[in-house]
Amino acid sequence: MSSNLAIKLRSGTQQAHTSAENVAFMKCFLQGVIDRNCFAKFLSNLYYVYSELEAALKSHVEHPVISTIYFLELNRQSSLEKDMVFYYGDNWREQITPSPVTQSYIDRIREISASEPALLLGHAYTRYMGDLSGGQMLQKVAQSALKLSGYDGTSFYNFEQIPDKKAFKDKYRQALNALPIDDITAERIVAEANNAFEFNLKMAQELEGSLIKALGQVLFNSLTRSQNSGSTEIAPAN
């Protein structure tokens, strides 16, 4: 039995991809206009998301669905902790808090972890596939725009244990496609992936006020005026 879940996820989230890439924060990011403080806050929110998601996935490692796509080399929490030290110093835990949308995102992960763990795949797919795809481009943009040395401040995007990202993504999609799940469950996972996109989109929108303050309204407007056609592999806010 094959679910063809990766195929369904790709087609079922295409519109969400495009919407995510047209969020003002991402438009500025893709054009190399990044405010250091906004970027640090962006990463701090992701720290909370990944900490919750990875704890949830680990707690269900024996689950018949989760076990198939549980790859430790994807984990981002420790990399994000390095970035927190870089931007906030050793006492970073005392300086950051999850934004309101981030807290809602965390609550949703906890909810489905307790009630329907298979839906966690929607969040794992949205984040990790984006990190391994468009996220790699965003890392280079951030390194250049913020004049960062090596992976300082962008450890989040550095998958040390995955040297061949294309090969890994192919393996991940094959694992998704081979999952023995019915069409109803597959549809629910796709719907949850779209929920994940929505949370990521709103997390990016939360940063717009700070970005306008840093850049000025005129520059912000000029950078965000055009509409991107979008792709199908760049997850939101990666």
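Bear in mind the structure is a predicted one, so any value in this text is a computation, not a measurement.

Cut-offs used in this document
Residues numbered from 1 in each chain as written. Predicted model: local features only at pLDDT ≥ 70, side-chain atom pairs only at ≥ 80, totals over all residues. Heavy atoms only, no water. Axes fitted to C-alpha atoms, helices over the stretch in contact; angles between N-to-C directions. Helix = DSSP H or I, 4+ residues; strand = E, 2+ residues; numbered from the N terminus. Parallel < 35°, antiparallel > 145°, perpendicular 65-115°, else oblique. Left-handed = near helix turned anticlockwise from the far one by under 90°. Contact = heavy atoms within 4.5 Å. Nonpolar A, V, L, I, M, F, W, Y, C, P; charged D, E, K, R; others polar. Core = buried A, V, L, I, M, F, W, Y, C linked by side-chain atoms within 4.5 Å. Buried < 20%, exposed > 50% of the residue type's maximum accessible area, 1.4 Å probe, protein only. 1 Å grid on protein atoms, 1.4 Å probe; cavity = no way out; pocket = protein on both sides within 12 Å on 5 of 7 lines; lining within 4 Å. Points joined across faces, edges and corners; volume = space filled by probe spheres on them. Phe/Tyr/Trp six-rings, centres within 6.5 Å; stacked < 30°, edge-to-face > 60°. Lys NZ or Arg CZ within 6 Å of the ring centre and 35° of its normal. Salt bridge = Lys/Arg side-chain N within 4 Å of Asp/Glu carboxyl O.

Novice: Could you give an account of the packing of helix H4 (residues 36-59) against helix H5 (residues 77-88), with specific residues and numbers?
Specialist: Between H4 and H5, the shortest axis-to-axis distance is 9 Å and the interhelical angle comes to 150°. Between H4 and H5, the crossing angle belongs to the class labelled roughly antiparallel. Remark: the crossing between H4 and H5 carries left-handed chirality. Of H5, the residues touching H4 (which contributes Arg36, Phe39, Ala40, Lys41, Leu43, Ser44, Leu46, Tyr47, Tyr50, Ser51 and Glu54) are Gln77, Leu80, Glu81, Asp83, Met84, Phe86, Tyr87 and Tyr88. Its residues placed into classes, the contact of H4 with H5 shows 11 nonpolar, three polar and five charged.

Novice: So, the nonpolar core: which residues are in play, and what are the values?
Specialist: Counting residues in hydrophobic clusters, the biggest one holds 75 residues, and the most contacted among them are Leu5, Phe25, Phe29, Phe39 and Leu176. If one sorts the elements of this core by residue count, H4 sits on top with 13 residues. Excluding anything up to four places from it in sequence, phenylalanine 29 contacts Ile34, Phe39, Phe42, Leu138, Val141, Ala142 and Tyr157.

Novice: How would you explain the packing of helix H1 (residues 5-12) against helix H9 (residues 165-177) if you had to name every residue and give the values?
Specialist: Packing of H1 against H9 brings their axes to within 6 Å, and their N-to-C directions diverge by 105°. By the angle class used here, H1 and H9 are roughly perpendicular. Packed against H1, whose contacting residues are Leu5, Ala6, Ile7 and Leu9, the element H9 presents Arg173, Leu176 and Asn177 at the interface. Of the residues contributing to the contact of H1 with H9, the split by class is five nonpolar, one polar and one charged.

Novice: Residues and numbers for the environment of isoleucine 181, please.
Specialist: Note that isoleucine 181 resides in the loop between H9 and helix H10 (183-206). Measuring from C-alpha to C-alpha, the distance between isoleucine 181 and valine 65 comes to 8.1 Å, with 116 residues separating the pair along the chain.

Novice: Give a description of the layout of surface pockets that names residues and reports values.
Specialist: In this structure, the largest pocket occupies an estimated 220 Å³ of space. Lining the largest pocket are 14 residues, and of these Asn75, Arg76, Ser78, Ser79 and Glu160 lie nearest its centre. A breakdown of the residues in the lining of the largest pocket according to their chemical character gives two nonpolar, seven polar and five charged.

Novice: Give a detailed account of the packing of aromatic side chains, specifying residues and quantitative values.
Specialist: This model, assessed by the stated rule, comprises 15 aromatic pairs. A ring pair is formed by tyrosine 50 and tyrosine 128, whose centres lie 5.7 Å apart and whose planes are at 55°; its orientation type is tilted. Taken together, the residues span a long stretch of sequence, with tyrosine 50 in helix H4 and tyrosine 128 in helix H7 (residues 120-132) at a distance of 78 residues. Like tyrosine 50, the residue tyrosine 128 is buried in the burial classification. Taken together, a centroid distance of 5.2 Å and an interplanar angle of 75° make the contact between phenylalanine 71 and phenylalanine 168 edge-to-face. Here phenylalanine 71 is found in the loop between H4 and H5, whereas its partner phenylalanine 168 is found in helix H9, with 97 residues between them in sequence. For phenylalanine 168, a relative accessible area of 6% translates into the label buried. Here the aromatic residues Phe25, Phe29, Phe39, Phe42, Phe86 and Tyr87 are joined through ring pairs into a cluster of three or more. Over the face of the ring belonging to phenylalanine 159 we find arginine 76, whose NZ or CZ atom lies 3.7 Å from the ring centre.

Novice: Run through the pattern of salt bridges, naming residues and quoting values.
Specialist: A full pass over the atoms with the stated rule returns 10 salt bridges. Its salt-bridge partner being arginine 188, residue glutamate 116 comes within 2.5 Å of it at the nearest N-O pair. Of this pair, glutamate 116 sits in the loop between helix H6 (100-115) and H7 while arginine 188 sits in helix H10; the two residues are 72 residues apart in sequence, bridging distant segments of the chain. Of the residues examined, glutamate 116 reaches a relative accessible area of 23% and is grouped as partly exposed.

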